[in-house]
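Chain and residue survey
Read off the chains here:
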Amino acid sequence: MKIVVGLGNPGSKYEGTRHNVGFEVLAELSRRWGAPKPKSRFEASLTDLLCGPEKLLLCAPQTFMNLSGRSVQQVVKFYQTPLEDLIVIGDDLNLKTGQLRLRASGSAGGQKGLQSILTCLSTDAICRVRIGIGRPPGEMDAADYVLGRFRKDELDVIDGAISRAATAVEVWSTEGIAAAMNKFNGEADSDAGQSA
């Protein structure tokens, strides 16, 4: 079984915000594969599904973004999951809106949920899907920006990115991170550019 972690903040107050795109990818995977209703366990909302031959556990930490690692660490320990069978999905301020970037390892790039996971698991060798949300306009505070909602003119672009990110996770689960990187890292740039 492989674990797919979507990052976000719990509660209706945060639904549809830029910081919650990881949760949106989990929702898309659940819709595609008919996942059962999630259960609360290990400070997370958990559900599983069969994605072709692979069983995936979808994990949405409910600890709030900055403490995501606490929940993920519990899930990984309980299921004794090798870290190469874990992937994390989150937003990224350093990518233009709708752009995808997959990596097998590396720094958190300022994403505090991912940083929490890397710290709690004591490694930076964690696969991740980063979904671009663009930079805050003008002098706007980054924290306010990530907790804000997408503009109407961004919705089609971000919906497309969420769909592509879900497909990227499916490719990762069956073919590995290298195949997913080859397919989606370049494609996302051109798609985002065409949609903007």
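Our structure's up above, just so we're on the same page.
The following paragraphs examine the structure supplied in this document.

About the cut-offs
- Residues numbered from 1 in each chain as written.
- Predicted model: local features only at pLDDT ≥ 70, side-chain atom pairs only at ≥ 80, totals over all residues.
- Heavy atoms only, no water.
- Helix = DSSP H or I, 4+ residues; strand = E, 2+ residues; numbered from the N terminus.
- Buried < 20%, exposed > 50% of the residue type's maximum accessible area, 1.4 Å probe, protein only.
- Contact = heavy atoms within 4.5 Å.
- Phe/Tyr/Trp six-rings, centres within 6.5 Å; stacked < 30°, edge-to-face > 60°.
- Lys NZ or Arg CZ within 6 Å of the ring centre and 35° of its normal.

Although it is not a glycine, Phe42 sits at a positive phi angle of roughly 55°. With respect to the element layout, Phe42 can be found in the loop between β2 (39-41) and β3 (44-51). Relative accessible area serves as the criterion here: at 17%, Phe42 is assigned to the buried category. Despite not being glycine, Glu43 shows a phi value in the positive range, around 55°. Assessed through its relative accessible area of 34%, Glu43 is described here as partly exposed.

Let us now look at the environment of Ala104. Its place among the elements puts Ala104 in the loop between β6 (100-103) and α3 (112-121). When the C-alpha atoms of Ala104 and Val129 are compared, they prove to be 9.1 Å apart, with 25 residues separating the residues in sequence. Contact partners of Ala104, with chain neighbours within four places excluded, come to Ala125, Ile126, Cys127, Ile177 and Met181.

What the rule picks out here adds up to four aromatic pairs. Aromatic side chains Phe42 and Phe78 sit 5.0 Å apart centroid to centroid with 45° between the ring planes, which places their arrangement in the tilted category. With Phe42 in the loop between β2 and β3 and Phe78 in helix α2 (residues 68-79), the pair connects residues that are 36 residues apart, well separated along the chain. The interplanar angle of 75° and the centroid separation of 6.5 Å between the aromatic rings of Phe42 and Tyr79 together place this pair among those described as edge-to-face. Remark: Tyr79 occurs in helix α2 and Phe42 occurs in the loop between β2 and β3; sequence separation between them is 37 residues. Residue Tyr79 is classed as partly exposed on the basis of its relative accessible area of 30%. Above the face of the Trp172 ring, Lys2 is positioned so that its terminal group lies 5.4 Å from the ring centre. Of note, Arg18 hangs over the ring of Tyr145, and the distance from its end group to the ring centre comes to 4.0 Å.

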